[in-house]
Each structure stands twice: as structure tokens, then as C-alpha cells.
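Below, each chain spelled out in residue letters.
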Amino acid sequence: MNETEEGADGVSASAAQAAHEVRVVFSRLRRRLRETYSSGDLTPSQTAVLSRLDKDGKASVSDLAAAEGVRHQSVATIVGVLVERDLVDRRADPGDGRRQLVFVTDAGHAFLEDRRRAGEGWLARALESECTESERRTLLEAAALLEKVVRS
């Protein structure tokens, strides 16, 4: 089958190959980025909850459990560790005083920013040393295309 022929799943061979390659490279890149920064002794689950709160602003433990696809009790334990580490805090929900909302503290934002900075620093140095200016422009164009796909 050539690149423009459709496979059994209704997509072209080139689209299927591109999907495979992007997924594989993205997984490797994510793994390498994780290697560039200290976890601060956080587990992947703790990091996921902290990152979700950073993105969403604030949420209840129930909301976090649903979003992460894990049990309420597991998220409550994770939040407890993050509170002890001063990365998140809790306060009463102004709309429902029986409910507590969890939010990222200044220390939590700084922790995440340090991780992002470390990862982007490693990636910038790798792109500088391994790619030509033309290749870096191509990567920027590819990133724009991937953003278009993500937003579709």
C-alpha cells in the first residue's frame, strides 16, 4: 500500500506512520525530560496531582480523584503528603463549607517551575548541539502542526 492508500482503519499509511512515530518520539522525549530534573522525592502520582492542580487552579479531592481516574482515598493520601511538603494547601470551599478545595502554594509553583526550567534547559542545549538552525525551524513548524492536531 502506498502512502495515500487507506488501510483497514480508514487512514492513510502516512497518517498511521506519522501517528506511530510521534507517539514513540513523544514518549522518549517525556522520559528524557523526567531524567533532567529532580523529582524532589515525589512519586509520579504526587507529581501528577500537583501538576493538575497547577493547571486547574483548585479542586476538591473528589474532583482530583475523578480527573486522575483513581480512588478518593488514594488522592486524599497524595494530597496529605503534598500538604506536609508545603506544595499544596486546603481551604473551605466558599460555595460549600463542608467541602475542602486544594490549591498549589507558592512553594509548589516554584517546585514545578524549577522542573520545567530544568527540562527546557536540557532540551534547548540538546537542540543547540544536535540540530542545525534549519532543523530547529523545522521543529518549530512541526510543533505548530502538532498543536493544530491537538486542538482539533
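Report on the accompanying structure. For clarity, every value in this text was computed on a predicted model and none was experimentally measured.

1. Some details on the overall build of the protein chain
A tally of regular secondary structure across the protein chain gives 6 helices and 3 strands. When the helices and strands of the protein chain are read in sequence order from the N terminus, they spell out α-α-β-α-α-β-β-α-α. Relative to its length of 152 residues, the protein chain is extended, with a C-alpha radius of gyration of 20 Å against a globular reference of 15 Å. Considering only C-alpha atoms, the protein chain reaches an extent of 60 × 40 × 25 Å along its principal axes. Relative to its full complement of 152 residues, the protein chain shows a buried share of 23%. For the protein chain, restricting intrachain contacts to residue pairs at least 6 apart in sequence, the fraction spanning at least 24 positions comes to 46%. Distance from the positive charge centre (23 side chains) to the negative charge centre (26 side chains) of the protein chain: 4 Å.

2. With respect to a positive patch on the surface
On the surface, a cluster of positive charge is made up of Arg28, Arg30, Arg31 and Arg34. The class of arginine 31 is partly exposed, set by a relative accessible area of 45%.

3. So, the side chain of threonine 105
Position of threonine 105 among the secondary structure elements: in the loop between β3 (96–104) and α5 (106–130). Accessibility expressed as a relative area gives 12% for threonine 105, which makes it buried. Discounting residues that sit within four places of it in the chain, threonine 105 has contacts with Asp86, Leu87, Val88 and Asp89.

4. Considering the sheet that holds strand β2 (residues 88–93)
The sheet built from 3 strands is open, its strands ordered β1-β3-β2 with antiparallel pairing. Taken across any chain shown, the strands that pair with only one partner, and hence form the sheet edges, are β1 (58–59) and β2. Looking at chain direction, β2 and β3 are connected through 6 bridges and run antiparallel. Bridge pairing links aspartate 93 to aspartate 96 in β3. Sheet strands in contact with helix α4 (residues 72–84) are β2 and β3, and its direction is about 115° off that of β2.

5. Brief notes about the packing of helix α2 (residues 44–56) against α5
Where α2 contacts α5, the two axes come as close as 11 Å, and the packing angle between them is 105°. Viewed along their axes, α2 and α5 adopt a mutual orientation that is roughly perpendicular. Residues Thr47, Leu50, Ser51 and Asp54 of α2 pack against His109, Phe111, Leu112, Arg115 and Arg116 of α5. Grouping the constituent residues of the contact of α2 with α5 by class yields 3 nonpolar, 3 polar and 3 charged.

Quick notes on the rules
Along each chain, the written sequence defines residue order, and numbers are assigned to residues from 1. Given that this is a predicted model, residues contribute local features only at a pLDDT of at least 70 and side-chain atom pairs are listed and counted only at 80 or more, while totals for whole chains, interfaces and linings are drawn from all residues. Hydrogens and waters are ignored; side-chain quantities use all the structure's heavy atoms. A helix here means a DSSP run of H or I that spans at least four residues, while a strand means a run of E at least two residues long, and both kinds are numbered starting from the N terminus. Two things to know: the radius of gyration comes from C-alpha atoms, and the globule rule equals 2.2 Å times the number of residues to the power 0.38. Burial status follows relative accessibility: with a 1.4 Å probe on protein chains alone, a residue under 20% of its type maximum counts as buried, one over 50% as exposed, and anything between as partly exposed. Residues count as neighbours in contact if any of their non-hydrogen atoms are within 4.5 Å of one another. Two residue types count as positive, namely Lys and Arg, and two as negative, namely Asp and Glu; His and chain ends fall outside the count. Where a charge lies is defined by one atom per residue type: Lys uses NZ, Arg uses CZ, Asp uses CG and Glu uses CD. Patches were defined on residues exceeding 30% relative accessible area and lacking a salt bridge, with like-charge contacts within 9 Å and nonpolar side-chain contacts (Val, Leu, Ile, Met, Phe, Trp, Tyr) within 5 Å. Each accessible area is a Shrake-Rupley result for a 1.4 Å probe, and residues are judged covered by the shown protein chains and nothing else. Criterion for a salt bridge: a side-chain nitrogen of Lys or Arg within 4 Å of a carboxyl oxygen of Asp or Glu. Any two strands with at least two DSSP bridges between them are considered paired. Axes, fitted as lines to C-alpha atoms, cover a helix only where it is in contact. Angles between the N-to-C directions of the axes lie from 0 to 180 degrees. Working definition: roughly parallel below 35 degrees, roughly antiparallel above 145 degrees, roughly perpendicular at 65 to 115 degrees, and oblique for all remaining angles. Following the grouping adopted for this structure description, the nonpolar residues are Ala, Val, Leu, Ile, Met, Phe, Trp, Tyr, Cys and Pro, the charged ones are Asp, Glu, Lys and Arg, and the polar ones are all others, Gly among them.

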